[in-house]
Amino acid sequence: MKLVRGMRKGGTLTVLSWNFERNGADDPAKRLRAHQLLVSLTPHLVFRQEMWGADANGKQIMYELEDVLGLRGWLGPRASTAVFADPGMFQPLREWPDVGPMWVQAPTALTLRFAPAGTGSMPMAVASYHLNYASAANRLSEAEWLTVWADKSWTTPDGETVRMPALLAGDNNSYPVPVADEDVPLPGLRAIADRPHRLHRSFVGPSGRRVMDTRPDEVMRTAGLEDVARHWSLARDGNEAALARTVDACETHGPDSRIDRIYASSDLLPAVVGVDVVEVPKTDSDHHIVRLKLDAEHLVDILNRQPVKVAVPGEEEHADHLFGCPETVGNSHCSQHS
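If you're wondering where the values come from, they're calculated on a predicted model, not measured in any experiment. (Residues numbered from 1 in each chain as written. Predicted model: local features only at pLDDT ≥ 70, side-chain atom pairs only at ≥ 80, totals over all residues. Heavy atoms only, no water.)

A word on the overall build of the chain
Note the following rule: Only runs of H or I of at least four residues qualify as helices and only runs of E of at least two qualify as strands under DSSP, and these elements are numbered from the N terminus. Only protein chains enter the accessibility calculation, which uses a 1.4 Å probe; a residue whose area is less than 20% of its type maximum is buried, one above 50% is exposed, and one in between is partly exposed. Using a 1.4 Å probe, accessible areas were evaluated by the Shrake-Rupley method; residue-level cover was limited to the displayed protein chains.
In terms of helices and strands, the chain carries seven helices and 18 strands. Counting every position in the chain, which comprises 338 residues, the buried fraction comes to 53%. Of the roughly 14600 Å² of accessible surface on the chain, 50% is carried by carbon and sulfur atoms.

Here's what the structure looks like:
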C-alpha cells in the first residue's frame, strides 16, 4: 500500500460526521474550538452539517475551516452541508451539484478516489446530508433520493462498468430501527413533551395511528446501505458502544436519540474496524460526533476488487471471502445516473 501523510502501513482511516449546531452561531471562538476538537481526532474524511454562513463574504468561513482542519473542503448548495477530505488521501474526481429538488438542507455529494488504492482503483461516492427537521413525508423523499449515490457506476480501466461503493453520513432527524437491547430505544410519542416536535418525529402508520419515524433508516437499508454503528455492534469483534446516543435527552425533544448516522454500502463493511460516538459539551453543540474507523489496507483491497481476509461470525478461523466486488452493470441504461 502506498504510504501517505498521516497513514502507516496497517493503519486506519478516520471518518467523522458532525452536525455542529448552527456552525457556531456567528461565534468565531466557538467555531475555532469546535474544529480544533475535530483536528484532535486526526480525521481523513469529515462530513459536516449546518454549515450556515460558510458561503458569506466569498466563502470566508469555509476557507477558514479548511485552514484549521488542514483538509480540502467542498461546500454544498445553500451552505447546508460540507465534505472535507485529506488531499493526500483522497483525489476528487467529480462533484454532484444537481442533488434533486426536494431538499430544505441540500447534501454535498462527490466522487472521491482513495489515493493509496492507486489510479486504477474504484472510486467512492460520498455525501454529507441533513434530512428535513419538520416533515416526515419530506424526509422520506430525501432519503429515497439519497440512495441514488448508492447507484453510481464507474468504468474500470478494462472497460467494465461497475457500481461504486458509497459512504453517506448525516443528521437523519429520525430514528433507526432498534437492533438490540443495547440500542437507543424508540421514544413513545408522549415522551416528547413538545407537541410540534412530536409531530415532526412521527407519521401516521397503516393502522391509522401515529408512530415514530424510522422510514429513512428502512429506506437506506433496503437500498443496500448499512448503518455502520448497527453493523459494528453486531460484528464478532465489534462493540455495543457504537450504538450510543448522538443527541442528549431534553424537555422538548424527548429521550436520548441516535439520529446521526453513517451508512456504507455492503462492500465497504469488511473494512470497518471501529465505530463510536465522541462526546461534545452541550455548550458547543446539541449533537455528538460519530466516528468510523476503516482498515486502510482492507479498503485498498476492496477498491481494487481483491479478496479481503475477515473474521466470519460462527467460524473459528479467519477465511478469505471476496468482498468489495461491485456489481457489474450489464446494460447501458443502468448507468443513467452515473
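Additional details are given in the paragraphs that follow.
Points about the pattern of salt bridges
What counts here: Throughout this description, the term salt bridge denotes a Lys or Arg side-chain nitrogen within 4 Å of a carboxyl oxygen of Asp or Glu.
For the coordinates displayed, the defined rule picks out 16 salt bridges. Aspartate 183 is the salt-bridge partner of arginine 258, the closest N and O atoms lying 3.1 Å from each other. Residue arginine 258 is located in the loop between helix H6 (228-234) and strand E14 (260-265), and its partner aspartate 183 is located in the loop between strand E10 (166-171) and helix H4 (195-200); the two are separated by 75 residues in the primary sequence. In this structure aspartate 183 comes out as buried when scored by relative accessible area, which is 3%. Between arginine 215 and aspartate 213 there is a salt bridge; the shortest N-O distance is 3.6 Å.

Quick notes on the sheet that holds strand E5 (residues 90-95)
Working definition: the strands of a sheet are paired by backbone hydrogen bonds and lie parallel or antiparallel to each other. Let me state the cut-off plainly: A pair of strands counts as paired when DSSP detects no fewer than two bridges linking them. Throughout, an axis means a line fitted to C-alpha atoms (over the contacting stretch in the case of helices), and angles, computed between N-to-C directions, take values from 0 to 180 degrees. Throughout, a residue-residue contact means that at least one pair of heavy atoms, one from each residue, lies within 4.5 Å.
Reading across from one edge, E5-E6-E7-E10-E14-E13 is the order of the six strands in this open sheet, with mixed pairing throughout. Sheet topology places E5 and strand E13 (225-227) at the edges, where each strand pairs with a single neighbour. Averaged over neighbouring strand pairs, the angle between their axes works out to 25 degrees when direction is ignored. Here six bridges tie strand E7 (residues 124-130) to E10, and the two strands are oriented parallel to one another. Pairing of alanine 127 across the sheet is with leucine 168, part of E10. Of the strands in this sheet, E7, E10, E13 and E14 touch helix H5 (residues 215-222), which is tilted by about 130 degrees from E13.

Things to note about the sheet that holds strand E4 (residues 81-85)
Here six strands make up an open sheet; going across it, the order is E3-E4-E2-E1-E16-E15 and the pairing mixed. Strands at the two margins of the open sheet, each flanked by one partner only, are strand E3 (72-75) and strand E15 (272-278). In this sheet, neighbouring strand axes are inclined to one another by 15 degrees on average, regardless of whether the strands run parallel or antiparallel. One ladder, built from five bridges, connects strand E2 (residues 45-49) with E4; its direction is antiparallel. Looking at the pairing, arginine 48 lines up with alanine 82 of E4. Against the sheet, helix H7 (residues 296-303) touches strand E1 (12-19) and strand E16 (289-295), its axis set at about 70 degrees to E16.

Focus: the pairing of E7
Note on strand geometry: in a regular strand, side chains alternate between the two faces of the sheet. Counting buried positions along E7 yields seven of seven residues, so the element is predominantly enclosed. Burial of E7 is two-sided: the residues Met124, Val126, Ser128 and His130 facing one way and the residues Ala125, Ala127 and Tyr129 facing the other way are all buried. Bridging between strand E6 (residues 108-114) and E7 involves five bridges; their strand directions are antiparallel. Opposite leucine 110, over in E7, you have valine 126 as the bridge partner.

What to know about the nonpolar core
The following threshold applies: Only buried Ala, Val, Leu, Ile, Met, Phe, Trp, Tyr and Cys residues count toward a nonpolar core, and they belong to the same one when joined by side-chain atoms within 4.5 Å.
One finds Leu45, Phe90, Phe114, Trp149, Leu167, Leu292 and Leu299 to be the most contacted residues of the largest nonpolar core, which totals 62 residues. Counting 21 residues, the second-largest nonpolar core is a separate cluster that includes Ala34, Met51, Met62 and Ala79.

Structural notes on the packing of aromatic side chains
Our working rule: For Phe, Tyr and Trp, where Trp contributes only its six-membered ring, two rings pair if their centres lie within 6.5 Å, and the inter-plane angle classes them as stacked under 30 degrees, edge-to-face over 60, or tilted in between. Whether a charge lies above a ring is judged from NZ of Lys or CZ of Arg, which has to be within 6 Å of the ring centre and within 35 degrees of the ring normal.
Within the structure shown, the criterion is met by two aromatic pairs. Ring centres 5.5 Å apart and planes at 45 degrees place the aromatic pair phenylalanine 90 and phenylalanine 114 in the tilted group. Highlighted residues: phenylalanine 90 in strand E5 and phenylalanine 114 in strand E6, separated in sequence by 24 residues. As far as burial versus exposure is concerned, phenylalanine 90 and phenylalanine 114 are alike and both buried. Seen from the ring of tryptophan 96, arginine 94 lies directly overhead, with NZ or CZ sitting 3.4 Å from the centre. Note that arginine 215 overlies the ring of phenylalanine 203, its terminal NZ or CZ placed 3.8 Å from the centroid.

Quick notes on the packing of helix H3 (residues 136-146) against H5
Each packed pair of helices is defined by two parameters, the angle between the axes and the distance between the axes. Put simply, the rule reads: Angles below 35 degrees are treated as roughly parallel, those above 145 as roughly antiparallel, those between 65 and 115 as roughly perpendicular, and all remaining angles as oblique. The crossing is said to be left-handed when, going from far helix to near helix, the turn is anticlockwise and less than a right angle, and right-handed when the turn is clockwise. Each residue is assigned to one of three groups, with Ala, Val, Leu, Ile, Met, Phe, Trp, Tyr, Cys and Pro labelled nonpolar, Asp, Glu, Lys and Arg labelled charged, and all others, Gly among them, labelled polar.
Direction vectors running N to C along H3 and H5 enclose 15 degrees, while the axes themselves pass 9 Å from each other. If you check the angle between H3 and H5, you find them roughly parallel. Crossing angle aside, the handedness with which H3 passes H5 is right-handed. Each of Ala136, Ala137, Arg139, Leu140, Ala143, Glu144 and Leu146 in H3 lies in contact with H5, whose residues at this interface are Arg215, Pro216, Val219 and Met220. Across the contact of H3 with H5, the residue classes tally to eight nonpolar, no polar and three charged.

Focus on H7
Because each turn of an α-helix spans 3.6 residues, side chains separated by three or four positions in sequence point in the same direction. For the record, the criterion: Polar contact is defined as a pair of N or O atoms within 3.5 Å, subject to the rule that within protein one atom must be able to donate a hydrogen and the other to accept it, and that residues adjacent in sequence are counted only when both atoms are side-chain atoms.
Most of H7 is tucked away: six of the eight residues are buried. Two to three positions downstream of the cap, the backbone nitrogen of glutamate 297 sits 3.0 Å from a side-chain oxygen, assigning the N-cap of H7 to aspartate 295. Taken from the residues just after H7, arginine 305 is the one with a positive phi, measuring 60 degrees.

Considerations on H3
Quick note on the threshold: Throughout, the arc means the angular range of directions from the helix axis out to the C-beta atoms.
For H3, the complete set of buried residues consists of Ala136, Arg139, Glu142, Ala143 and Leu146. For H3, the arc enclosing every buried residue in end-on projection is 115 degrees, short of the 170-degree limit, so these residues lie on one face. Here the buried face of H3 lies against E7, E10, H4, strand E11 (202-204) and H5.

Here we look at unusual backbone geometry
The backbone of alanine 79 sits at a positive phi, close to 50 degrees, despite the residue not being glycine. Residue placement: alanine 79 occurs in the loop between E3 and E4. Taking relative accessible area as the criterion, alanine 79 reaches 2% and is therefore assigned buried. Not every positive phi belongs to a glycine, and arginine 305 is a case in point at roughly 60 degrees. Mapped onto the secondary structure, arginine 305 falls in the loop between H7 and strand E17 (308-310). With relative accessibility at 24%, the residue arginine 305 sits in the partly exposed group.

Read these as geometric descriptors, not functional statements.
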